[in-house]
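Examination of the molecular architecture
Here is what each chain is made of, one letter per residue.
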Amino acid sequence: MLNDECSGELSYLLADSDAREAVLVDPHGRDVPVWQALLDERQLRLRWVLRTHQHDALLPGEFARIARLGVPVVQGQACVGVQTVADGELLPFGNEFLRTLRTPGHTADCLSFAWRDRVFCGGLLAVDACPHQPCPADAAALWDSVTQRIFILSDETLLYTGHDPRARAVSTVMEQRRWHPFFSRLTRDEFLARMSALQSAAVDHDATV
């Protein structure tokens, strides 16, 4: 795992040590030399780069830096050089595989990736913690993705976030279902009202900057 202390962004390396194959989840362009050195040190062959979401329009050159890793890049948003996937599609690496979940909301094309008893869900639960997008792109879709795709999983399922200002990478479905500040004990309408207020506050902030 890599954590950027300034942005709170988190990235993950998964590896099958027997087959010596690996995947990267949400790597950032600035960290490509670090990841490459780590792969070389562990003698791992990179199989996939998996992006739960991206903000490439705000980060010029980001995709080009990621593409230097030289493996297929999987993400929800279609563009040149990207491999898109169907909901539920399996992505093998070594003797393991990940299952894709379409979970739009934080951005329009967000994906999550399930591996064993873990789900890598990017910005899905980091409602106001993303430095590049302080509000969900689609609040209604976000509610549906969280409540109908993530919170229906077993209580013990481990959730790995892509953003956390305190570098707290992992929680559980039960924990988030009970205590998440934006999803716990709220109705869908109450959640949407809070997201509308959050959006208005962000617009007012931008207008005064």
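Higher on the page you've got the structure.
All values reported here derive from a predicted model rather than from experimental measurement.

1. Focus on unusual backbone geometry
Unusually for a residue other than glycine, aspartate 26 sits at a positive phi of about 60 degrees. Here aspartate 26 is to be found in the loop between strand 3 (21-25) and helix 1 (32-42). When its relative accessible area of 6% is taken as the criterion, aspartate 26 is described as buried. A positive phi angle, near 55 degrees, is found at arginine 116, a position not held by glycine.

2. Some details on the packing of aromatic side chains
According to the stated counting rule, one finds eight aromatic pairs in the structure shown. Their ring planes at 40 degrees and their centres at 5.2 Å tell us that tryptophan 143 and phenylalanine 191 sit as a pair that is tilted. Of this pair, tryptophan 143 sits in helix 3 (residues 139-150) while phenylalanine 191 is found in helix 5 (residues 188-208), placing the two residues 48 residues apart along the sequence. Centroid distance phenylalanine 183 to phenylalanine 191: 4.8 Å. Interplanar angle 25 degrees. Geometry classified as stacked. What makes phenylalanine 191 buried here is its relative accessible area of 0%. Seen from the ring of tryptophan 48, arginine 47 lies directly overhead, with NZ or CZ sitting 4.2 Å from the centre.

3. Things to note about the pattern of salt bridges
Counted according to the given criterion, the structure contains 13 salt bridges. Between glutamate 21 and arginine 45 there is a salt bridge, with its nearest N and O atoms 1.8 Å apart. Taken together, the positions of glutamate 21 in strand 3 and arginine 45 in strand 4 (residues 45-50) put the pair 24 residues apart, joining distant regions of the chain. Using a relative accessible area of 48% as the deciding quantity, one classes arginine 45 as partly exposed. Note that arginine 118 is salt-bridged to aspartate 117, the shortest N-O span being 2.8 Å. Take aspartate 117: its relative accessible area is 40%, and that puts it in the partly exposed class.

4. A look at the side chain of serine 145
Relative to the assigned elements, serine 145 resides in helix 3. Serine 145 sits in the buried class, given a relative accessible area of 4%. If we ignore the near neighbours within four places in the chain, the residues touching serine 145 are Thr103, Pro104, Leu124 and Ile150.

Reading the values: rules and limits
Residues numbered from 1 in each chain as written. Predicted model: local features only at pLDDT ≥ 70, side-chain atom pairs only at ≥ 80, totals over all residues. Heavy atoms only, no water. Helix = DSSP H or I, 4+ residues; strand = E, 2+ residues; numbered from the N terminus. Buried < 20%, exposed > 50% of the residue type's maximum accessible area, 1.4 Å probe, protein only. Phe/Tyr/Trp six-rings, centres within 6.5 Å; stacked < 30°, edge-to-face > 60°. Lys NZ or Arg CZ within 6 Å of the ring centre and 35° of its normal. Salt bridge = Lys/Arg side-chain N within 4 Å of Asp/Glu carboxyl O. Contact = heavy atoms within 4.5 Å.

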